[in-house]
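Each chain, letter by letter, is given below.
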Amino acid sequence: AAGLALAVAEPTATVVLTEGCDASLANAGHNAKAYGATVERLDWNDHGSVTGGYDVAVGADLVACDAVAGPLARTVAALADEFWYVGPADGRAGAADFLDMLEADFADHVVRDVPSHYTANAFANQDDSFFLYFPDILNTSFLLHRFSSRRRPQ
């Protein structure tokens, strides 16, 4: 969703969505086509699949268990020189480790509360069923992290 939002907001940007499983890849491909983005397979555990060289990577609520923190942090650091991430302020397993690993890979880390429109009802008709699909929005505080100035391996 973060990549699609970027594709809509910046139509001149080259946006590449990534997914790791076939079902998600097919769905992302359908959505990407509608907004002028492309899709690539990305396996956080297979760094041969990480091409890198992107200016910016974006992600939202990516960490839900301890096991993904290390592979995801290594992948992010290999992909881009800057990473924007929206995640819950607390309560997600692996999230603190993920952020600590990113701080080791990037020289600068700025954190702030997300703007209020990040958690607003995104349905065009303002249908309240939005909150049935996304109940965490009502009960969770989210933070916006910006990691920049990636440290290069010595």
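Quick caveat: nothing in here was measured; it's all calculated off a predicted structure.

Conventions adopted
Residues numbered from 1 in each chain as written. Predicted model: local features only at pLDDT ≥ 70, side-chain atom pairs only at ≥ 80, totals over all residues. Heavy atoms only, no water. Helix = DSSP H or I, 4+ residues; strand = E, 2+ residues; numbered from the N terminus. Rg over C-alpha atoms; globule rule 2.2 N^0.38 Å. Buried < 20%, exposed > 50% of the residue type's maximum accessible area, 1.4 Å probe, protein only. Phe/Tyr/Trp six-rings, centres within 6.5 Å; stacked < 30°, edge-to-face > 60°. Core = buried A, V, L, I, M, F, W, Y, C linked by side-chain atoms within 4.5 Å. Contact = heavy atoms within 4.5 Å. Salt bridge = Lys/Arg side-chain N within 4 Å of Asp/Glu carboxyl O. Axes fitted to C-alpha atoms, helices over the stretch in contact; angles between N-to-C directions. Parallel < 35°, antiparallel > 145°, perpendicular 65-115°, else oblique. Left-handed = near helix turned anticlockwise from the far one by under 90°. Disulfide = S-S within 2.5 Å. Arc of directions from axis to C-beta.

Sorry, what's going on with the overall build of the protein here?
Counting its secondary structure elements, the protein contains six helices and six strands. Helices (α) and strands (β) of the protein occur, in sequence order from the N terminus, as α-β-α-β-β-α-β-α-β-α-α-β. Computed over the C-alpha atoms, the radius of gyration of the protein is 16 Å, within 12% of the 15 Å expected from 2.2 N^0.38 for a compact globule of 154 residues. With the C-alpha coordinates of the protein rotated into their principal frame, the extents come out at 50 × 35 × 30 Å. Here the protein, with 154 residues, has 32% of them falling under the buried criterion.

Looking at this structure, I do not really get the packing of aromatic side chains. What am I missing?
By convention here, two paired aromatic rings are described through the distance between centres and the angle between planes. Following the criterion strictly, the structure yields seven aromatic pairs and no others. With 6.3 Å between their ring centres and 85 degrees between their planes, phenylalanine 83 and phenylalanine 98 make a pair best called edge-to-face. Taken together, the residues phenylalanine 83 in strand 4 (residues 80–88) and phenylalanine 98 in helix 4 (residues 95–105) connect sequence positions 15 residues apart. Grouping aromatic residues by their ring pairs yields a cluster made of Phe83, Tyr85, Phe98, Phe106 and Phe147.

Is there a simple way to think about the nonpolar core in this case?
The nonpolar side chains of soluble globular proteins are, as a tendency, buried together. Of all hydrophobic cores here, the largest spans 17 residues; its most connected members are Val76, Phe83, Tyr85, Phe98, Leu102, Phe106 and Phe147. Residue assignment for this core shows that the elements contributing at least two residues are helix 3 (66–79), strand 4 and helix 4. Residue contributions to this core peak at five residues, all from helix 3. Beyond its immediate sequence surroundings of up to four residues, phenylalanine 147 is in contact with Asp81, Glu82, Phe83, Leu99, Leu102, Glu103, Phe106, Asp108 and His109. The next biggest cluster of nonpolar side chains, apart from the first, holds six residues, and it includes Leu4, Leu17, Ala32 and Ala37.

Got a minute to help me understand the pattern of salt bridges in this structure?
Where side chains of opposite charge bring their charged atoms close, a pairing between them can arise. All chains considered together, the criterion is met by five salt bridges. Between aspartate 61 and arginine 92 there is a salt bridge whose closest N-O contact spans 2.9 Å. Residue aspartate 61 is found in the loop between strand 3 (54–60) and helix 3, and its partner arginine 92 is found in the loop between strand 4 and helix 4; the two are separated by 31 residues along the sequence. Overall, the relative accessible area of 33% leaves aspartate 61 in the partly exposed class. Taking the relative accessible area as the measure of exposure, arginine 92 reaches 25% and is therefore partly exposed.

Would you take a moment to explain the packing of helix 3 against helix 4 for this structure?
The axes of two packed helices give the description: the angle between them and the distance between them. Where helix 3 contacts helix 4, the axes come no closer than 9 Å and their chain directions differ by 30 degrees. Comparing the axis directions of helix 3 and helix 4 gives the class roughly parallel. Seen from above, helix 3 lies across helix 4 with right-handed handedness. Taking contact as the criterion, the partners of Ala69, Gly70, Leu72, Ala73, Val76 and Ala77 in helix 3 are, on helix 4, Asp97, Phe98, Met101, Leu102 and Asp105.

Is there a simple way to think about the state of the cysteines in this case?
By definition, a disulfide links the sulfur atoms of two cysteine residues through a covalent bond. With the rule as written, the count across this model stands at zero disulfides. Just so you know, cysteine 21 is unpaired, no disulfide at all, and the nearest cysteine sulfur is the one on cysteine 65, 14 Å from it. Judged by relative accessible area, cysteine 65 falls into the partly exposed class, the value being 34%.

What's the story with helix 4 in this structure? I'm lost.
Along an α-helix, residues three or four apart share an orientation, since each turn contains 3.6 residues. Those residues of helix 4 that sit buried are Ala95, Phe98, Leu99 and Leu102. Projection of helix 4 onto a plane perpendicular to its axis shows the buried side chains occupying an angular sector of 95 degrees, all on one side. Away from the buried face of helix 4 by more than 90 degrees, exposed residues Ala96 and Ala104 are located. On its buried face, helix 4 sits against helix 3, strand 4, strand 5 (106–113) and strand 6 (142–150).

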